Amino acid sequence: MFAVIIVILIIWASMWAFYKFMYPRAPRSMMPQEGDITTPRQCNFCGHSLAEYRGVLETKPSLGTTSDGNTAADITGSQELFFCNYEHQADFHAGKTYQPYS
């Protein structure tokens, strides 16, 4: 009985060390900070879901004309674009389309 317990403890310790080595903890800079929005959003370019704090959020206010003829930004009608990374943002504005596995 003692040998079975020792073998189980040795297996547990070796598996714990294996997982610590193979799957290290992510750096603190990649973890959400205080005030980050962690809800998933879909990329406007590729359609994949990603937490909002990990991607690129772009706010484009819609332009409106005031009564005196000046152009002013209308914040209420703003359009938010979300991208996985800066490459997807650049490709979206360049007019490219997403082609997976290419």
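Since we're looking at a predicted model, the values are computed, not measured. The numbers attached to residues start from 1 for each chain and follow its sequence in the written order. This being a predicted model, a pLDDT of at least 70 is required before a residue's local features are given, and a value of 80 or more before pairs of side-chain atoms are given or counted; all residues contribute to the totals for chains, interfaces and linings. To obtain the side-chain values, all non-hydrogen atoms of the structure were used and water was disregarded.

Caption draft 1: Molecular detail of a nonpolar patch on the surface. What makes a patch is a set of residues exposed beyond 30% relative accessible area and free of salt bridges, joined within 9 Å when like-charged and within 5 Å when nonpolar (Val, Leu, Ile, Met, Phe, Trp, Tyr). Each accessible area is a Shrake-Rupley estimate made with a 1.4 Å probe; only the visible protein chains count as cover when residues are assessed. For this document, the term salt bridge refers to a Lys or Arg side-chain nitrogen within 4 Å of an Asp or Glu carboxyl oxygen. Together, Val-7, Ile-11, Met-15, Phe-18, Tyr-19, Phe-21, Met-22 and Tyr-23 make up a nonpolar patch on the protein surface, roughly 880 Å² of accessible area in all. Under the DSSP-based scheme used, a helix requires at least four consecutive residues in state H or I and a strand at least two consecutive residues in state E, with every element numbered from the N terminus. Position of Ile-11 relative to the elements: it lies in helix H1 (residues 2–22).

Caption draft 2: Representation of helix H2 (residues 86–93). The backbone nitrogen of Glu-87 has a side-chain oxygen 3.2 Å away, supplied by the residue at the start of H2, namely Asn-85. Looking one or two residues beyond H2, the residue adopting positive phi is Gly-95, at roughly 85°. Under this definition, polar contacts are N or O atom pairs within 3.5 Å; protein pairs additionally need one hydrogen-donor-capable and one acceptor-capable atom, and for neighbouring residues in sequence, both atoms have to be side-chain atoms.

Caption draft 3: Representation of the environment of Tyr-98 in the model. Mapped onto the elements of the fold, Tyr-98 is located in the segment after H2. The class of Tyr-98 is partly exposed, set by a relative accessible area of 34%. Once residues lying within four places of it in the same chain are set aside, the contact partners of Tyr-98 are Phe-45, Cys-46 and His-48. Throughout, exposure labels follow a simple rule: accessible area from a 1.4 Å probe, protein chains only, divided by the maximum for the residue type, with under 20% read as buried, over 50% as exposed, and the rest as partly exposed. Between two residues, a contact is recorded if the distance between any of their heavy atoms is within 4.5 Å.

Caption draft 4: Region of interest: the pattern of salt bridges. For the structure shown, the criterion picks out three salt bridges. A salt bridge links Arg-41 to Glu-52; the nearest nitrogen and oxygen atoms lie 3.5 Å apart. Residue Arg-41 is located in strand E1 (residues 40–42), and its partner Glu-52 is located in the loop between strand E2 (49–51) and strand E3 (56–65); the two are separated by eleven residues in the primary sequence. Taking the shortest distance from any N to any O, the salt bridge between Lys-96 and Asp-91 comes out at 3.6 Å. Residue classification places Lys-96 among the exposed residues on the basis of a relative accessible area of 51%.

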